[in-house]
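# Coordinate inspection notes
Below, each chain spelled out in residue letters.
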Amino acid sequence: MANIEDKMESLGFVYEFYVKMKKNKINLAYEGEITHQITKAFTSLTESNMAKEEDYNSVQKKVFHVMVECLQNISKHAENRHSVVTSKDGRGIFMVSKGETEYNVTTGNIIGNDKILGLKKMLDNINSLDKMGLKKLYKQQMREGRLSDKGGAGLGFIDIARKTGEKLIFSFLTINESKSFFVLTSTISRLK
Amino acid sequence: MQVIKMKGSDDTPKIILDKQNGLFEISGRSLPEDVAAFYEPILDWLDEYAETPNKKTVFEFKLEYFNTASSKLILDVLLKLEDMSDDGNEILVKWYFPDDDEDMEEAGEEYADIVEVPFEQVSYSID
């Protein structure tokens, strides 16, 4: 059992965490399993917040799109820290921050190092394309792609890039020789 | 033929498939937990309908939102309609979109490009 000093220290951490969240304008942060229920809860929470803020309808829809695709990516593709799989849903970190002019949706999850090359190639390709190029890729993937066992259509990242009109910002941080932490940020402009 | 009528929810669309009354509609939001399982009965129904379709079929899509996983299944529905059209049946797809929703309008245009079936885009206003 933790002693009093440890507990007091963790209270200090709560304040630090609060300050950091405020500083980075984070209005939603979560770490854990991403289930369908979580996806629904976060999207409806953000929707009602945005409605209160009177964000443009088009902005609200884009944020909703990006959140759903990001959350589903984690739930379908994240690997577990330990090899023993206890749940069908992946886990990871999910954050939404709101600045004066933009929303940022950030996800972080563990992936196998063997997946990095393919994922990086796909994201670099998406980032190299303009609006028309993305449209072509989306249509091609919809026509030729098959729904995976996990129910993914291989369209999520392309859709995010199209809906936001921004480059996908991502990074792979090495954990050990077999796993890495994949971080991705999508930006949605709050201006029409 | 059996009628499929499903009420929409915050993650599943409203579905009406009614041969007798000539009503074919998918509307609302589509981000079901298991897209393949959700759309399976709809695709099965269309397979059965394709054997003896009505003289004319007007299929209406009035979606507010769909995720990318659903987009693939919506294409599967459209491909079934394309097959019926190829077999010489009169098919019309009506794709409704809110007049301020360019993304939904564009999604309709893209489907119209991919499938060869008479396709009509209809804008509507929401207040």
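Report follows, based on the coordinates. (Residues numbered from 1 in each chain as written. Chains lettered and ligands numbered in written order. Predicted model: local features only at pLDDT ≥ 70, side-chain atom pairs only at ≥ 80, totals over all residues. Heavy atoms only, no water.)

Our focus in this paragraph is the sheet that holds strand S4 (residues 56–66) of chain B. All names here are of chain B. The six strands lie next to each other as S1-S2-S3-S4-S5-S6, forming an open sheet whose pairing is mixed. Taken across any chain shown, the strands that pair with only one partner, and hence form the sheet edges, are strand S1 (4–6) and strand S6 (119–124). Taken pair by pair, the neighbouring strands of this sheet meet at an average axis angle of 15°, ignoring direction. As paired elements, strand S2 (residues 14–18) and strand S3 (residues 23–30) share five bridges and run antiparallel to each other. Directly across from Leu17, in S3, lies its bridge partner Phe24. Contacts from helix H2 (residues 68–86) reach S3, S4, strand S5 (90–98) and S6, with the element oriented near 170° to S4. The strands touched by helix H3 (residues 102–114) within the sheet are S4, S5 and S6, with S5 carrying the most contacts at an inclination of about 160°. (Pairing = 2+ DSSP bridges. Helix = DSSP H or I, 4+ residues; strand = E, 2+ residues; numbered from the N terminus. Axes fitted to C-alpha atoms, helices over the stretch in contact; angles between N-to-C directions. Contact = heavy atoms within 4.5 Å.)

So, on to the packing of helix H5 (residues 131–144) of chain A against helix H6 (residues 156–164) of chain A. How two helices sit against one another is set out by the angle between their axes and by the gap between those axes. Residue and element names in this part refer to chain A. It is the contact of H5 with H6, at a shortest axis distance of 10 Å, that shows an interaxial angle of 150°. Between H5 and H6, the crossing angle belongs to the class labelled roughly antiparallel. Judged by the twist between their axes, the crossing of H5 over H6 is left-handed. Contact residues: H5 offers Leu134, Lys135, Leu137, Tyr138 and Gln141, while H6 offers Ile158, Asp159, Ala161 and Arg162. Across the contact of H5 with H6, the residue classes tally to five nonpolar, one polar and three charged. (Parallel < 35°, antiparallel > 145°, perpendicular 65-115°, else oblique. Left-handed = near helix turned anticlockwise from the far one by under 90°. Nonpolar A, V, L, I, M, F, W, Y, C, P; charged D, E, K, R; others polar.)

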